[in-house]
Amino acid sequence: MNGSIFNSKGTRVAVVVGPEIFDLSGKKLFDLKGKNIYRLTGELVGHLSDASGSAKRLDKATDRLFS
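Just so it is clear, the structure is predicted and the values come from calculations on it, not from any experiment.

Undergrad: How should the packing of aromatic side chains be read in this particular structure?
TA: The geometry of an aromatic ring pair is captured by the separation of the ring centres together with the interplanar angle, meaning the angle of the planes. Tallied over the entire structure, the rule returns one aromatic pair. Both rings, one in Phe-30 and one in Phe-66, keep their centres 5.5 Å apart while their planes meet at 70°; by these two values the pair is edge-to-face. Highlighted residues: Phe-30 in strand 4 (residues 28-33) and Phe-66 in the segment after strand 7 (55-58), separated in sequence by 36 residues. Judged by relative accessible area, which is 6%, Phe-30 ranks as buried. Classification of Phe-66 by relative accessible area gives buried; the value is 14%. For the cation-ring pair, Lys-33 lies above Tyr-38, with the distance from its terminal atom to the ring centre recorded as 4.9 Å.

Listed below in structure tokens is the structure:
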């Protein structure tokens, strides 16, 4: 799964490459398993509201992960 992640306001905040999420500068932030977002330590921290297609959207509660 590759594509961009947008916050609830429509601003691009991250990039998905396979099962990994990177910030816009290329630093690995999270792992992605299905719709679930995990810290690199394995802790579940949120989910994508729609994981289909190349544009993924965050629900409002998950926006805080990318601020």
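Undergrad: Please clarify how the environment of Arg-64 should be interpreted in this entry.
TA: Within the fold, Arg-64 resides in the segment after strand 7. With a relative accessible area of 54%, Arg-64 lands in the exposed category. Through-space distance from the C-alpha of Arg-64 to that of Gly-46 is 9.7 Å; in sequence the pair is 18 residues apart.

Criteria and thresholds
Residues numbered from 1 in each chain as written. Predicted model: local features only at pLDDT ≥ 70, side-chain atom pairs only at ≥ 80, totals over all residues. Heavy atoms only, no water. Phe/Tyr/Trp six-rings, centres within 6.5 Å; stacked < 30°, edge-to-face > 60°. Helix = DSSP H or I, 4+ residues; strand = E, 2+ residues; numbered from the N terminus. Buried < 20%, exposed > 50% of the residue type's maximum accessible area, 1.4 Å probe, protein only. Lys NZ or Arg CZ within 6 Å of the ring centre and 35° of its normal.

That's the geometry; what it means functionally is another story.
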